[in-house]
Amino acid sequence: MGTVTKVTDKSITIEDKDKKATEVSVPADTTCMKGDGTAALKDVKVGDRVVVSAKKSGDKLVATMVKIGGAAAPAHKH
Amino acid sequence: MRKRNVVAISIVILLALVIYGWSLIRRGFSAHDEPSAVEAFAARTARSLAVPASYERLKNPLPPTPENIREGLEHFADHCAVCHANDGSGDTPFGRGMYPKPPDMRQATTQGKTDGEIYYTIEHGIRLSGMPAFGEKGRTDDESTWKLVHFIRHLPKLTPEELQQMERLNPKSRAELEEELEAERFLRGEGSAPSKSTKHKH
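Residues numbered from 1 in each chain as written. Chains lettered and ligands numbered in written order. Predicted model: local features only at pLDDT ≥ 70, side-chain atom pairs only at ≥ 80, totals over all residues. Heavy atoms only, no water.

*Asks:* I'd like a description of the interface of chain A and chain B, backed by residues and values.
*Replies:* Each side of the interface is counted separately: chain A has 21 residues, and chain B has 19 residues. Note on chain A versus chain B: buried area summed over both sides is about 1700 Å², and carbon and sulfur give 57% of it. Summed over the three residues of chain A that lose the most area to chain B, namely A:M1, A:K17 and A:R49, the buried surface amounts to 37% of that side. The interface formed by chain A and chain B includes 3 salt bridges. With its nearest N and O atoms 2.5 Å apart, the salt bridge here joins A:K55 to B:D91. Our count for the contact surface shared by chain A and chain B stands at 5 residue pairs in polar contact (both at pLDDT 80 or more). Elements represented by at least two residues in the side of chain A that touches chain B include exactly β1 (2–7), β4 (31–34), β5 (37–39), β6 (48–57) and β7 (60–71) of chain A. Broken down by element, the side of chain A that touches chain B gets its largest block of residues, 5 residues, from β7(A). Here the side of chain A that touches chain B is built from residues that sort into 6 nonpolar, 8 polar and 7 charged. (Contact = heavy atoms within 4.5 Å. Buried area = accessible area lost by both parts, 1.4 Å probe. Salt bridge = Lys/Arg side-chain N within 4 Å of Asp/Glu carboxyl O. Polar contact = N/O pair within 3.5 Å; in protein donor to acceptor, adjacent residues only side chain to side chain. Helix = DSSP H or I, 4+ residues; strand = E, 2+ residues; numbered from the N terminus. Nonpolar A, V, L, I, M, F, W, Y, C, P; charged D, E, K, R; others polar.)

This is how it looks when you write it as structure tokens:
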């Protein structure tokens, strides 16, 4: 789980709280959910909080489910 | 002459069996492997022949109402999904590690079976596989099993909402429950993402 930093039509990149970025490919048949409703990869925006279930395929991570939350609050400067 | 032919054929068959047996032993007994084509064919044929005709002809006595399918879904998520996966694909840590692997139940190998064959498999299990017998011998009126049969028929049409509902119903360890709660809090905008998942491999 983390905050989305990049979205393409086939993958998302997520950053965790340690600022470590992980790219996960999202095949067309991956289930995307927002709240209790269905969503799609196009609904994922940079800055959204997401929880991704994924499995390894070679050296890649492939999403099996993406749960989309709201946008993360901007970090406080103080 | 005829006797000589019989002996020759017997020797050839025996030799073929010895060579096949030796190749099986040489392959080892790891559950990572897929069954060979010969094993899969022999197992499928034997399994098909082993279902009594009285079961094969059985039709689901319950109507496929949304209520019956929902009850089957709840039962499946709680008892079956750990090996078969919520979507019936068999793609779970248990399923992937079995020999033979559970079938993808959305495909014709399962969907093409009669209601009675599916019922029989659930009730009687499959010897030498990971499928236990969940029923009582001779019983053909277990409603919870017939509801499962309806749900298995529904698997190819499973919706993302149903999948999410099943995820909530899957048995979970305390660590998994905590992780799920943490994920829900995170999605609601409370707290921050942990640096790594706490999920155990086994």
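Right, picking up where we left off after that structure.
*Asks:* I'd love a proper account of the state of the cysteines, names of residues and values included.
*Replies:* Residue and element names in this part refer to chain B. For the structure shown, the criterion picks out 0 disulfides over all chains. Looking at the unpaired C80, the closest cysteine sulfur is the one in C83, lying at 8.9 Å. Looking at C80, the relative accessible area reads 15%, which means it is buried. (Disulfide = S-S within 2.5 Å. Buried < 20%, exposed > 50% of the residue type's maximum accessible area, 1.4 Å probe, protein only.)

Limitation: the analysis is restricted to geometry and does not speak to function.
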